[in-house]
Amino acid sequence: MALLSGSTASGWAFWTTPGDPTGLSSPLGRIVVLVGLLAALVVTLRWWWTNRRR
């Protein structure tokens, strides 16, 4: 909990949304979803590039 000790309640509220139990509507949740989608795109493109001549 050392990471939370320096944060204020208003700063922490920015990263979480009270009405959203999953946290996916918060800015941090959106960043996580975006990174996951980009990673899936990169993996798909690398697979396609590797198997395009078969």
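Residues numbered from 1 in each chain as written. Predicted model: local features only at pLDDT ≥ 70, side-chain atom pairs only at ≥ 80, totals over all residues. Heavy atoms only, no water.

A.B. asks: Can you explain the overall build of the chain? Please cite residues and give values.
C.D. replies: Secondary structure assignment for the chain yields three helices and zero strands. If you list the helices and strands of the chain from N to C, you get α-α-α. By residue count, 7% of the 54 residues in the chain fall in the buried class. Within the structure as shown, the chain displays about 5000 Å² of accessible surface, and the carbon and sulfur contribution to it stands at 72%. (Helix = DSSP H or I, 4+ residues; strand = E, 2+ residues; numbered from the N terminus. Buried < 20%, exposed > 50% of the residue type's maximum accessible area, 1.4 Å probe, protein only. Areas by Shrake-Rupley, 256 points an atom, 1.4 Å probe, with all protein chains shown as cover.)

A.B. asks: Mind laying out a nonpolar patch on the surface, listing which residues take part and the relevant values?
C.D. replies: Among the surface-exposed residues, Leu34, Leu38, Leu41, Leu45, Trp47, Trp48 and Trp49 lie close enough to one another that they form a single nonpolar patch of about 830 Å² accessible area. Its location among the elements puts Leu45 in helix H3 (residues 27–51). (Patch = residues over 30% accessible without salt bridge, like charges linked within 9 Å, V, L, I, M, F, W, Y side chains within 5 Å. Salt bridge = Lys/Arg side-chain N within 4 Å of Asp/Glu carboxyl O.)

A.B. asks: An account of the packing of aromatic side chains is requested, with residue identities and associated values reported.
C.D. replies: Counted under the stated rule, the structure contains one aromatic pair. We note Arg52 situated over the ring of Trp49; from NZ or CZ to the ring centre the distance is 3.9 Å. (Phe/Tyr/Trp six-rings, centres within 6.5 Å; stacked < 30°, edge-to-face > 60°. Lys NZ or Arg CZ within 6 Å of the ring centre and 35° of its normal.)

A.B. asks: Which residues make up the environment of Arg30, and what values do they have?
C.D. replies: Relative to the helices and strands, Arg30 is located in helix H3. Judged by relative accessible area, which is 57%, Arg30 ranks as exposed. Leave out the neighbours within four places in its chain, and Arg30 touches Leu24 and Ser25. (Contact = heavy atoms within 4.5 Å.)

A.B. asks: Before we move on, can you summarise the environment of Arg52 with the specific residues and values?
C.D. replies: The topology assignment puts Arg52 in the segment after H3. Here Arg52 falls in the partly exposed class, since its relative accessible area comes to 34%. Polar side-chain contacts of Arg52 include one of 3.3 Å to the backbone oxygen of Trp49. (Polar contact = N/O pair within 3.5 Å; in protein donor to acceptor, adjacent residues only side chain to side chain.)

A.B. asks: Describe the confidence of the model for the chain, naming the residues involved and giving the relevant values.
C.D. replies: Averaged over the chain, the pLDDT score is 78; the fraction of residues at 70 or greater is 67%. At the low end of the mean pLDDT range in the chain sits helix H1 (residues 2–5), at 51; at the high end sits H3, at 94. (pLDDT = per-residue confidence, 0-100.)

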